[in-house]
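So the chains spell out like this:
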Amino acid sequence: MRYIINFKLKESKLPVDYHSIFVSFFKQCLSQHMDGEFFEEYYGIGRTKDICWSVRLDSPSIGGKIITLGSTNLEMTFVSPDPKAALVYFNACNDYKNKSHPLPLGNSLTLVNIKPQREISINKNAMLIKFYSPLCLRVHNKEGNKDEYYSVKSPNFKEVLKDSIKRQCSKKLIPFVDEIMMDTRKLRKTVVPIYGQRIEVSLGEIVLIGEPKLLDDIVKRSIGSRKPSGFGLVTCLEQWEVS
């Protein structure tokens with residue numbers, strides 16, 4: 001399921017590392033919704049959340065650690081293939097509508113509207129998708145006990161991306177993952193800050209050719225690591241059939 005969430009800022013600015021702001025917002029929504037009945041299920045230690053989101057910033061201008069925006073309006077796209085999670089987050093956010101959520105720098109954030117968005121179904125074997133939020137691919141190195149991040153400039157990017165899709169797609173679709181063909185020429189490497197780190201990610205567009213049911217699953221689920229923190233949200237720009 002896919003939603004559009006509209007926010008209003010008190011002032012037209014955000015920290016450069018703004019991902020934590022929206023994670024905090026969702027935590028606040030779930031902690032207040034139904035007396036926090038679902039908070040532990042989604043934000044307890046070790047819990048996973050099959051959600052993904054992306055925020056569209058209006059005419060952003062970066063200066064130091066601050067992003068200055070062209071207006072106080074923000075638009076978020078929120079997706080989840082899990083019907084229960086989609087409903088819980090929708091209801092929790094709707095309960096928090098029109099309430100001021102405090103932010104750093106003396107700013108505040110208010111949800112003003114949330115509404116479902118029509119989802120596109122993929123029924124062809126080729127598609128062009130665009131990343132609305134950066135593609136993050138994280139692999140944990142057990143020997144060094146640290147995380148490594150991969151971008152389109154990494155030599156084994158396609159293999160790491162396929163491994164990520166295998167871990168997240170429906171089990172019945174795993175056999176089709178190795179057959180995926182990719183055109184990554186419209187992807188570029190960039191570096192973004194999150195929780196005090198600067199991590200290597202990819203932005204742009206990618207062509208995927210493969211089993212239509214797998215491609216549909218990818219669009220509805222989005223791709224990669226750290227999706228609940230605002231990474232990997234995709235939308236389909238075009239689909240077609242290849243022989």
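See above for the structure.
These lines cover the structure that appears in this document, whether it is placed above or below.

Rules used throughout
Residues numbered from 1 in each chain as written. Predicted model: local features only at pLDDT ≥ 70, side-chain atom pairs only at ≥ 80, totals over all residues. Heavy atoms only, no water. Helix = DSSP H or I, 4+ residues; strand = E, 2+ residues; numbered from the N terminus. Rg over C-alpha atoms; globule rule 2.2 N^0.38 Å. Buried < 20%, exposed > 50% of the residue type's maximum accessible area, 1.4 Å probe, protein only. Contact = heavy atoms within 4.5 Å. Areas by Shrake-Rupley, 256 points an atom, 1.4 Å probe, with all protein chains shown as cover. Lys, Arg positive; Asp, Glu negative; His and termini not counted. Charge placed at Lys NZ, Arg CZ, Asp CG, Glu CD. Pairing = 2+ DSSP bridges. Axes fitted to C-alpha atoms, helices over the stretch in contact; angles between N-to-C directions. 1 Å grid on protein atoms, 1.4 Å probe; cavity = no way out; pocket = protein on both sides within 12 Å on 5 of 7 lines; lining within 4 Å. Points joined across faces, edges and corners; volume = space filled by probe spheres on them. Nonpolar A, V, L, I, M, F, W, Y, C, P; charged D, E, K, R; others polar.

### Things to note about the overall build of the protein chain
- A tally of regular secondary structure across the protein chain gives 5 helices and 15 strands.
- Against the 2.2 N^0.38 benchmark of 18 Å for 243 residues, the protein chain shows a C-alpha radius of gyration of 18 Å, consistent with a compact globule.
- Projecting the C-alpha coordinates of the protein chain onto the three principal axes gives extents of approximately 55 × 40 × 40 Å.
- Within the protein chain, the fraction of its 243 residues that count as buried is 50%.
- Intrachain contacts of the protein chain at a sequence separation of at least 6 include 75% that bridge at least 24 residues.
- Of the roughly 12300 Å² of accessible surface on the protein chain, a fraction of 49% belongs to carbon and sulfur atoms.
- Of the charged side chains in the protein chain, 36 are positive and 27 negative; the average position of the first set lies 4 Å away from that of the second.

### Some remarks on the sheet that holds strand β2 (residues 13–15)
- Overall, antiparallel pairing links the 3 strands, which are arranged β2-β5-β4 in an open sheet. Edge positions in the sheet fall to β2 and β4 (61–63), since each has one partner strand and no second. Strand-to-strand twist in this sheet, taken as the mean axis angle between neighbours without regard to direction, amounts to 30°.
- Bridging between β4 and strand β5 (residues 66–68) involves 3 bridges; their strand directions are antiparallel.

### A look at the layout of surface pockets
- In this structure, the largest pocket encloses a volume near 810 Å³.
- In terms of lining, the largest pocket is formed by 36 residues, of which the most central are Tyr 18, Ser 54, Val 55, Tyr 132 and Ser 133.
- At the level of secondary structure, the elements contributing two or more residues to the lining of the largest pocket comprise β1 (2–9), β3 (52–56), β6 (73–79), β9 (126–131), β13 (187–194), β14 (197–209), α5 (212–221) and β15 (234–240).
- Residue classes in the lining of the largest pocket are distributed as 19 nonpolar, 8 polar and 9 charged.
- In this model, the second largest pocket occupies a volume close to 580 Å³.

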